[in-house]
Protein chains: 2
Amino acid sequence: MKTTAVIMAGGRGERFWPKSRNSRPKQFLSLTSDGETMIQKTVKRLIPLVDISDIYIVTNSAYKTLVKEQLPDIPEENILAEPAARNTAPCIAFAAAVINQKYNDAVMIVLPSDHLISNEKLYTDTLRKAVYTAEQEENLVTIGITPTYPETGYGYINFSEEYNGAYTVEKFVEKPDLQTAEKYLDSGKYLWNSGMFIWKISSIFTNIKKFMPDIYEGALKIGKAFNTPDFNDVLIREFTAFRSESIDFGIMEKAKNIYTIPGSFGWDDVGSWLAVERINETDENNNYIDGNIISEDTHHATICGGKRLIAAVGIKDTIIVDTDDALLVCSKNNTQDVKKIIALLKNQGREDLI
Amino acid sequence: MKTTAVIMAGGRGERFWPKSRNSRPKQFLSLTSDGETMIQKTVKRLIPLVDISDIYIVTNSAYKTLVKEQLPDIPEENILAEPAARNTAPCIAFAAAVINQKYNDAVMIVLPSDHLISNEKLYTDTLRKAVYTAEQEENLVTIGITPTYPETGYGYINFSEEYNGAYTVEKFVEKPDLQTAEKYLDSGKYLWNSGMFIWKISSIFTNIKKFMPDIYEGALKIGKAFNTPDFNDVLIREFTAFRSESIDFGIMEKAKNIYTIPGSFGWDDVGSWLAVERINETDENNNYIDGNIISEDTHHATICGGKRLIAAVGIKDTIIVDTDDALLVCSKNNTQDVKKIIALLKNQGREDLI
């Protein structure tokens, strides 16, 4: 059976402001010194496993040009432009319907576009195992990450018995509070939900039909219209009518036959500016410094320069990000508050800076 | 007797980088919200006491244009451009010689160009008292500031008996170590040396002739050439030949008949970026914020914005100064290290940023 991949790249990620903007969110940025953007890395690490002609990018229509620029080898018809943001369930249904028109069932690897993987060999090995598991029965497979601390920002997967390297999923749980996260960690029975899914189109369709019949009907219509002159009209009509729904809540928390494969390939969701020092090499003072920077008595700082010189003097545990029209100086304890800055800018009508 | 004033404005102050540059040092900057530069304020507060035509500015020739721009009411011939930097003693001798050509003795108030005064009424009252004291005998008068903490960055004046509101100076002492500064503070017999001096030209000439005869001779030649076609040649020849010497070390530590008048007018030498929050109003979070700034959970910060938006998130006790080509982010504990940045820039050949 054909193996295809769907990369979800519609996010507007605000946590990397001011480098990320509505016009160029995180997946289209390079946050590593090699200059590759997150989405370029995501595609590149799939190449050993999936033909480039079978990699699909689902993105907001506003980002179609960015995808074409950054991924010129992806066939243009594989760039699926959502006319509206409706979370992951409609996104996946749309992609499944389109791919199904071409292959009449296939394995579908669904991936976020903005995560980092340290060991690409272990990553492809894990995905290969997941593809094998997904080919059996109507299995839905998810890649779980072994938690290393009680993170409250991720969903968790509760697993039990092993069958051929895959573990039965008992349930998907939403982001826990700290106490619950600590229990999960101690139990040894929980993995982080990485948002990577592997299934046959026929398997996910069975579940979409069962749990989200309205979205199923709409997706089928979109699939049928693909490569016809009506496609755009049908897409806009059907897709914008979808309710916003995550695949986790819409399917995974309800479906049966779910398996998880623990990934030990080194995963980082690059969730905030704090990630930058984790995913890059730091200097002898534990600083990550990129650009035209002079530092003096500065430690554990992340400094991403722009066109101007930045002099950092006596700075500790601080993130400094410079761009042409906006500068962020943020304590490492407050990286989640960057969203508040964006909210304030919205209130002030400064959309030009968002 | 005529009262004249000499404002010393040749400093190249590096401590307000990146706002201050070699091409525009601190005295030509506004560090207060009223937009007036330090030198403009210095001249303005003299107006009740000295005719504008009797105010002289001694500056480096490189800053003559800046002085003319910022002080258009000062007669151009009162702008005395030093062809080289030689510290305060040659500067004062030069000005004394020039003024003496015009008035054949006069009282001369010598002032730094980059200090701030809170209460201008008390300031002029104090200077008036100093002028009166200076008119008697060959008194040399200095304004002392009552110390409020054991500052190690200032020279001190040891005073004793009072005569008509002026106190006899026992000695001038150089910047002390902390232990010594604490002793000075406890003794109640020491004042900070503010660098403001008041004397008759004849009095200071007596002392210059006695303690620095070479400079005396040179200054007389410069004075005689003033307003003649030879002036520039004589100035360059004589002035560049002067050794570099401070008036404190060259005269005040050696002379007799020195009196000090304690100034209680609120004095700030605006010695580093730390001064900005002292001399301006701060907001409810104790921040001084000027420019296009958004702050969140930010306290005790000084933020001077440039053209771009600055977002400060979770920042404490930090100074952020933005300019077109350079940005400073500096802990309040490290404001003295700004000089190190300038040294590093020099080493890197980045004179364009200094």
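Fair warning: this is a prediction, and the values are worked out from it, not measured in the lab.

Enquirer: Any chance you could explain the overall build of chain A here in plain terms?
Expert: Scanning chain A for helices and strands turns up 11 helices and 17 strands. Expected size for 354 residues packed as a compact globule is a radius of gyration near 20 Å; at 21 Å, chain A falls within 12% of this value. Across its three principal axes, chain A shows a C-alpha extent of roughly 60 × 50 × 40 Å. For chain A, the proportion of its 354 residues judged to be buried stands at 58%. For chain A, the accessible area works out to roughly 14700 Å², and carbon and sulfur atoms hold 46% of it. Each charge sign in chain A was given a centre, from 39 positive and 49 negative side chains, and these centres are 4 Å apart.

Enquirer: I'm lost on the relation of the copies chain B and chain A in this one. Help?
Expert: Each of the two chain copies can be generated from the other by rotation about an axis followed by a shift along it. Under the fitted operation, chain B is carried onto chain A by 0.1 Å of movement along the axis and a turn of 179°, and the coordinates agree to an RMSD of 0.1 Å. Within this description, the copies of the chain are treated as partners about a two-fold rotation axis. Scanning chain B for the C-alpha nearest the rotation axis identifies Val 329 of chain B, at a separation of 4.1 Å.

Enquirer: Explain the state of the cysteines here, please?
Expert: By definition, a disulfide is the covalent link that joins the sulfur atoms of two cysteine residues. According to the stated counting rule, one finds 0 disulfides over all chains in the structure shown. Left without a disulfide partner, Cys 304 of chain A is nearest to the cysteine sulfur of Cys 330 of chain A, which lies 12 Å away.

Enquirer: Sorry, what's going on with the packing of aromatic side chains here?
Expert: The description of an aromatic ring pair rests on the distance of the ring centres and on the angle between the ring planes. Under the defined criterion, the tally for this structure stands at 34 aromatic pairs over all chains. Each ring, one from Tyr 149 of chain A and one from Trp 192 of chain A, has its centre 5.2 Å from the other, and the planes form 70°; the classification is edge-to-face. A residue pair is termed long-range when its members are at least 10 positions apart, and Tyr 149 of chain A in the loop between β6 (140–145) and β7 (156–163) and Trp 192 of chain A in strand β9 (residues 190–200) qualify at 43 residues. Among the residues examined, Tyr 149 of chain A registers a relative accessible area of 37% and is labelled partly exposed. Ring geometry for Phe 159 of chain B versus Tyr 167 of chain B: centroids 5.2 Å apart, planes at 75°, classification edge-to-face. Phe 159 of chain B gets classed as buried once you look at its relative accessible area, which sits at 11%. The partly exposed category is assigned to Tyr 167 of chain B, whose relative accessible area is 21%. Ring pairs connect the aromatic residues Phe 94, Phe 226, Phe 231, Phe 239 and Phe 242 of chain A, which therefore count as one cluster. When the ring centre of Phe 249 of chain A is taken as origin, the NZ or CZ atom of Lys 254 of chain A, which lies over that ring, is 4.5 Å away.

Enquirer: Hey, could you run me through the sheet that holds strand β16 (residues 318–322) of chain A in this one?
Expert: Hydrogen bonds between backbone atoms are what pair the strands of a sheet, whose relative direction is either parallel or antiparallel. Taken in spatial order, the 6 strands line up as β12(A)-β14(A)-β16(A)-β17(A)-β15(B)-β13(B) in an open sheet, and their pairing is mixed. Looking at which strands have only one partner, the edges of the open sheet turn out to be β12 (288–290) of chain A together with β13 (293–296) of chain B. If you compare each strand with its neighbour and ignore which way they point, the axes differ by 5° on average. Pairing of strand β14 (residues 302–304) of chain A with β16 of chain A, which is carried by 3 bridges, proceeds in the parallel orientation. When the sheet's bridge partners are listed, Thr 302 of chain A is paired in β16 of chain A with Ile 319 of chain A. Helix-sheet contacts for helix α11 (residues 338–347) of chain A involve β17 (326–331) of chain A together with β13 and β15 (309–313) of chain B, and the interaxial angle to β13 of chain B is about 135°.

Enquirer: Explain the packing of helix α3 (residues 88–103) of chain A against helix α7 (residues 213–225) of chain A here, please?
Expert: Between two packed helices, both the angle of their axes relative to each other and the distance between the axes serve to describe the pair. Residues and elements named next belong to chain A. One way to put it is that α3 packs onto α7 with a least axis distance of 8 Å and a crossing angle of 40°. Relative to α7, the element α3 lies oblique. The two elements α3 and α7 meet at a crossing, and its hand is right-handed. Counted together, Pro 90, Ala 93, Phe 94, Ala 97, Val 98 and Gln 101 of α3 and Ile 215, Ala 219, Leu 220, Ile 222, Gly 223 and Lys 224 of α7 form the full contact between these two elements. Within the contact of α3 with α7, the residues separate by chemical class into 9 nonpolar, 2 polar and 1 charged.

Enquirer: Where do I start with the side chain of Lys 200 of chain B in this structure?
Expert: Residues and elements named next belong to chain B. In this fold, Lys 200 is placed in strand β9 (residues 190–200). One polar contact links the side chain of Lys 200 to the main-chain carbonyl oxygen of Glu 137, over a distance of 2.6 Å. Excluding anything up to four places from it in sequence, Lys 200 contacts Met 1, Asp 105, Ala 106, Val 107, Ala 134, Glu 135, Gln 136 and Glu 137.

Enquirer: Before we go on, may I ask you to explain helix α3 (residues 88–103) of chain B in this structure?
Expert: Side chains of residues three or four places apart in an α-helix project in the same direction, reflecting 3.6 residues per turn. Spanning 16 residues, α3 of chain B covers 22 Å between terminal C-alpha atoms, matching the ideal 22 Å at 1.5 Å per step. Here α3 of chain B has its buried residues at Thr 88, Ala 89, Pro 90, Cys 91, Ile 92, Ala 93, Phe 94, Ala 95, Ala 96, Ala 97, Val 98 and Ile 99 of chain B.

Enquirer: Any chance you could explain the interface of chain B and chain A here in plain terms?
Expert: Many authors give the size of an interface as the accessible area that is lost as the parts come together. Taken together, the contacts link 34 residues of chain B with 34 residues of chain A. Here chain B and chain A share 4 salt bridges between them. Asp 322 of chain A is paired through a salt bridge with Arg 308 of chain B; the nearest N and O atoms lie 2.3 Å apart. Counting the contacts that link chain B with chain A gives 20 residue pairs in polar contact (both at pLDDT 80 or more). Residues of the side of chain B that touches chain A, tallied by class, amount to 18 nonpolar, 7 polar and 9 charged. With 5 bridges joining them, β17 of chain A and β15 of chain B adopt parallel strand pairing. Within β15 of chain B, the residue paired with Leu 327 of chain A across the bridge is Ile 310 of chain B.

Enquirer: Help me understand the environment of Asp 352 of chain B in this model?
Expert: All names here are of chain B. Along the polypeptide, Asp 352 turns up in the segment after α11 (338–347). Taking the C-alpha atoms as reference points, Asp 352 and Gly 195, 157 residues apart in sequence, are found 31 Å from one another. If sequence neighbours within four positions are ignored, Asp 352 has contacts with Arg 21 and Asp 325.

Enquirer: How should I be thinking about unusual backbone geometry in this particular structure?
Expert: Excluding glycine, residues mostly have negative phi values, and the peptide bonds linking residues are mostly trans. Residue and element names in this part refer to chain A. Here Trp 17 and Pro 18 are connected by a cis peptide whose omega angle stands at 5°. With respect to the helices and strands, the residue Pro 18 is situated in the loop between β1 (3–9) and α1 (38–44). Residue Asn 227 is not a glycine yet carries a positive backbone phi of 65°. Secondary-structure assignment places Asn 227 in the loop between α7 and α8 (231–241). Relative accessible area serves as the criterion here: at 58%, Asn 227 is assigned to the exposed category.

Enquirer: Mind showing me how you'd approach the pairing of β7 of chain A here?
Expert: Consecutive side chains along a regular strand alternate between the two faces of the sheet. Residue and element names in this part refer to chain A. Where β7 meets strand β8 (residues 166–173), 6 bridges bridge the pair, whose relative direction is antiparallel. Across the sheet, residue Tyr 163 finds its bridge partner in β8, namely Ala 166. A loop of 2 residues connects β7 with β8, the two strands running antiparallel in sequence, and Asn 164 in this loop sits at a positive phi of about 55°. Strand direction decides the pairing type here: β7 and β9, joined by 3 bridges, are antiparallel. Across the sheet, Tyr 156 pairs through a bridge with Trp 192, a residue of β9.

Enquirer: Got a minute to help me understand the packing of α3 of chain B against helix α6 (residues 201–211) of chain B in this structure?
Expert: Residues and elements named next belong to chain B. Where α3 meets α6, the closest approach of the two axes is 10 Å, and the angle between their N-to-C directions is 135°. Taken together, the axes of α3 and α6 lie oblique to each other. Like other packed secondary-structure pairs, α3 and α6 cross with a definite hand, here left-handed. Between α3, through Ala 93, Ala 96, Ala 97, Ile 99 and Asn 100, and α6, the contact on the second element is made entirely by Ile 201, Ile 204, Phe 205 and Ile 208. Its residues placed into classes, the contact of α3 with α6 shows 8 nonpolar, 1 polar and no charged.

Reading the values: rules and limits
Residues numbered from 1 in each chain as written. Chains lettered and ligands numbered in written order. Predicted model: local features only at pLDDT ≥ 70, side-chain atom pairs only at ≥ 80, totals over all residues. Heavy atoms only, no water. Helix = DSSP H or I, 4+ residues; strand = E, 2+ residues; numbered from the N terminus. Rg over C-alpha atoms; globule rule 2.2 N^0.38 Å. Buried < 20%, exposed > 50% of the residue type's maximum accessible area, 1.4 Å probe, protein only. Areas by Shrake-Rupley, 256 points an atom, 1.4 Å probe, with all protein chains shown as cover. Lys, Arg positive; Asp, Glu negative; His and termini not counted. Charge placed at Lys NZ, Arg CZ, Asp CG, Glu CD. Least-squares fit on C-alpha atoms with pLDDT ≥ 70 in both. Disulfide = S-S within 2.5 Å. Phe/Tyr/Trp six-rings, centres within 6.5 Å; stacked < 30°, edge-to-face > 60°. Lys NZ or Arg CZ within 6 Å of the ring centre and 35° of its normal. Pairing = 2+ DSSP bridges. Axes fitted to C-alpha atoms, helices over the stretch in contact; angles between N-to-C directions. Contact = heavy atoms within 4.5 Å. Parallel < 35°, antiparallel > 145°, perpendicular 65-115°, else oblique. Left-handed = near helix turned anticlockwise from the far one by under 90°. Nonpolar A, V, L, I, M, F, W, Y, C, P; charged D, E, K, R; others polar. Polar contact = N/O pair within 3.5 Å; in protein donor to acceptor, adjacent residues only side chain to side chain. Expected span 1.5 Å × (residues − 1). Salt bridge = Lys/Arg side-chain N within 4 Å of Asp/Glu carboxyl O.

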